[in-house]
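Coordinates in review
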Amino acid sequence: MQHHVWLVNRLPWPTDWAAFFGREAPLLVEIGFGGGHFLVEMAQRHLDANLLGVEISNPSLRRAQQKLNSRQLTNVRLLYGDAWVLFWLSCLPASVQGVYINFPDPWPKLAHQRRRLVSDAFLQLLATRMPAQAVLEIATDHADYQAWTSEHLARTPYFDSLTGSLFVTEDAARPRTKYEQRALAAGIPCHYYKYQRNHTPAVNDFPIFAELPMPHAIVSTPLTLSQIRERFAPETAALAEVNVRLIDAFMGTRHPALLVETYISESPMDQRVGLVLHQRAPGEILVTLHDIGFPRTTAGIHAAVRYLAEWVTSLHPDSAIKQHNLA
Ligand SMILES: C[S@@+](CC[C@H](N)C(=O)[O-])C[C@H]1O[C@@H](n2cnc3c(N)ncnc32)[C@H](O)[C@@H]1O
């Protein structure tokens, strides 16, 4: 069987995992599967479950793909993307029965610690997506990350230990990962956190985005696209729930169009897109989203189109937004 890699950023919001796998089964997710040893072994052991592996590293995805292609496993799928995006946008509440985080990147420098996957917010996100009794396992060989994970799991209201202690230092039954084998061979102790979701309700601060219609605004202005291009300067705007960065503007050579390269940060997803100004008629400009790069039409994209349209109107007193469909 040939295994594909699906892009997390292109999955439906939310994803119907039963349809995705072609069958109804408990959903288990490994975050950051690296070489894929654990994922493959889990898929073999749990033929009655649907397994997702999510990774942000392309070489890891290729290695796992090769491992899976040489086996006849139909219950596992590989996803390229960020675990935050996967759980937040593609997983409905109570839809995930198991989450495995093996040897997460330790980010040892103090300034980088906010990049650590284990955090109060991430545990809250997982708690909203996991039903009571769903399993959460975390393993680490990094002393500081171990202290960090202990702190977080000791204070989380949403997960309880299954072992009677914060962690255990041996778990012979569990498939070994590459990092684990490396650590054990070097005599570094590993710590295993085996928890389960309890009944404490978790506030869902992570609404699944709605996919909105293609945004457009029609601006009446006496300015031409070239005059607008001349006035363009990169800028950043912190709007409600979204940061918009206008990076650069490029004139089309074949059609009267000005493409504005834009970066949109909207938790949990960032998109680098083209917003575009088309000269529809003399004195009338259409501001919309270019389909370059297959953007998702989120509320943040609508906010960015509004921001750009308002900027264009600010350039001349005889300008106005005549019509729009912006959220
Ligand atoms: C230290 S490696 C461990 C690999 C493997 N689990 C093992 O134990 O051998 C951590 C892995 O997590 C992946 N990763 C880090 N942050 C991630 C995220 N937000 N979503 C998905 N994967 C992530 C990295 O690309 C990397 O492959």
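Residues numbered from 1 in each chain as written. Predicted model: local features only at pLDDT ≥ 70, side-chain atom pairs only at ≥ 80, totals over all residues.

1. Considering the overall build of the chain
Filter applied, for reference: Helix numbering and strand numbering both begin at the N terminus, where a helix is a DSSP run of H or I of at least 4 residues and a strand a DSSP run of E of at least 2. Any residue with 12 or fewer other C-beta atoms within 10 Å of its own C-beta is exposed, any with 20 or more is buried, and the rest are partly exposed; the C-beta atoms used are placed from the backbone. The contact criterion used is a C-beta to C-beta distance within 7 Å, with each C-beta placed from the backbone.
Assigned secondary structure in the chain consists of 9 helices and 15 strands. Overall, the chain is about 75 × 45 × 40 Å in size when its C-alpha atoms are taken along their principal axes. Counting only residues that meet the buried cut, the chain has 34% of its 327 residues in that class. Within the chain, residue pairs in contact and separated by at least 24 positions form 70% of the contacts whose partners lie at least 6 positions apart.

2. Considering the sheet that holds strand 6 (residues 135-140)
Applicable threshold: The criterion for strand pairing is that DSSP finds at least two bridges linking the strands in question. Note on method: axes are straight lines fitted to C-alpha atoms, helices fitted across the in-contact stretch only, with angles between N-to-C directions ranging 0 to 180 degrees.
Strands sit in the order 1-4-3-2-5-6-8-7 across an open sheet of 8 strands; the sheet is mixed. Strands at the two margins of the open sheet, each flanked by one partner only, are strand 1 (5-7) and strand 7 (159-161). Across the sheet, the mean angle from the axis of one strand to that of its neighbour is 25°, orientation sign disregarded.

3. Focus: the domain arrangement of the chain
Selection criterion: Boundaries between domains were set according to an automatic or database domain assignment.
What the domain assignment reports for the chain is domain 1 (5-197) and domain 2 (216-324). For domain 1 and domain 2, the distance between their C-alpha centroids amounts to 39 Å.

4. What about the site of the ligand?
Rule in force here: Only the C-beta atom, placed from the backbone, is used; a residue is near a molecule or strand if that atom lies within 6 Å of it. The nonpolar class holds Ala, Val, Leu, Ile, Met, Phe, Trp, Tyr, Cys and Pro. Asp, Glu, Lys and Arg form the charged class, and all remaining residues, Gly among them, are polar.
As a matter of local geometry, the ligand sits amid 22 residues, with Gly 32, Gly 34, Phe 103, Thr 177 and Tyr 179 nearest to it. Among the elements of the structure, strand 3 (50-55), helix 4 (83-90) and helix 7 (178-185) are those that each provide at least two residues to the shell around the ligand. The leading source of residues in the shell around the ligand is helix 7, at 3 residues. Along the lines of polarity and charge, the residues of the shell around the ligand split into 10 nonpolar, 7 polar and 5 charged.

5. Quick notes on unusual backbone geometry
Apart from glycine, the bulk of residues carry a negative phi angle, and the bulk of peptide bonds sit in the trans form. Omega for the peptide link from Trp 13 to Pro 14 comes to -15°, which places this bond in the cis form. Structurally, Pro 14 can be placed in the loop between strand 1 and helix 1 (17-21). At Trp 107, a position not held by glycine, the phi torsion is positive, near 40°. Mapping Trp 107 onto the fold places it in the loop between strand 5 (98-102) and helix 5 (120-129). Phi angles above zero are rare outside glycine, and Glu 241 is one such case at about 65°. Along the chain, Glu 241 falls in the loop between strand 10 (235-239) and strand 11 (242-251).

6. Side note on helix 6 (residues 143-155)
Put simply, the test is: Residue count minus one, scaled by 1.5 Å, sets the expected span of a helix. Directions pointing from the helix axis toward each C-beta atom define the arc.
Between its first and last C-alpha atoms helix 6 spans 19 Å; for 13 residues at 1.5 Å apiece the expected length is 18 Å, and the two agree. Among all positions of helix 6, only Tyr 145, Gln 146, Thr 149 and Leu 153 are buried. Seen along its axis, helix 6 keeps its buried residues to an arc of 100°; they face one direction. When the buried face of helix 6 is taken as reference, the exposed residues oriented beyond 90 degrees from it are Ala 147, Ala 154 and Arg 155. Next to the buried residues of helix 6 lie strand 6, strand 7 and strand 8 (191-197).

7. Side note on the pairing of strand 6
By the bridge criterion, 5 bridges tie strand 5 to strand 6 in an arrangement that is parallel. Bridging from a neighbouring strand, Ile 101 pairs with Ile 138 of strand 6. Both strand 6 and strand 8 contribute to a ladder of 6 bridges, which runs antiparallel. Looking at strand 8, one finds that Glu 137 is bridged to Lys 194.

8. Things to note about the sheet that holds strand 13 (residues 269-281)
Taken together, 7 strands build an open sheet; the order of strands is 10-11-12-13-14-9-15 and the sheet is antiparallel. In this open sheet, the two strands that pair with only one neighbour each are strand 10 and strand 15 (320-324). Taken over all neighbouring pairs, the strand axes of this sheet differ in orientation by 25° on average, direction set aside. Bridge count between strand 9 (residues 216-220) and strand 15: 4 bridges; the pairing is antiparallel. For Val 219, the partnering residue across the bridge sits in strand 15 and is Ile 321. Contacting strand 9, strand 10, strand 11, strand 12 (257-266), strand 13, strand 14 (284-289) and strand 15, helix 9 (residues 299-314) runs over the sheet at an angle of about 155° to strand 14.

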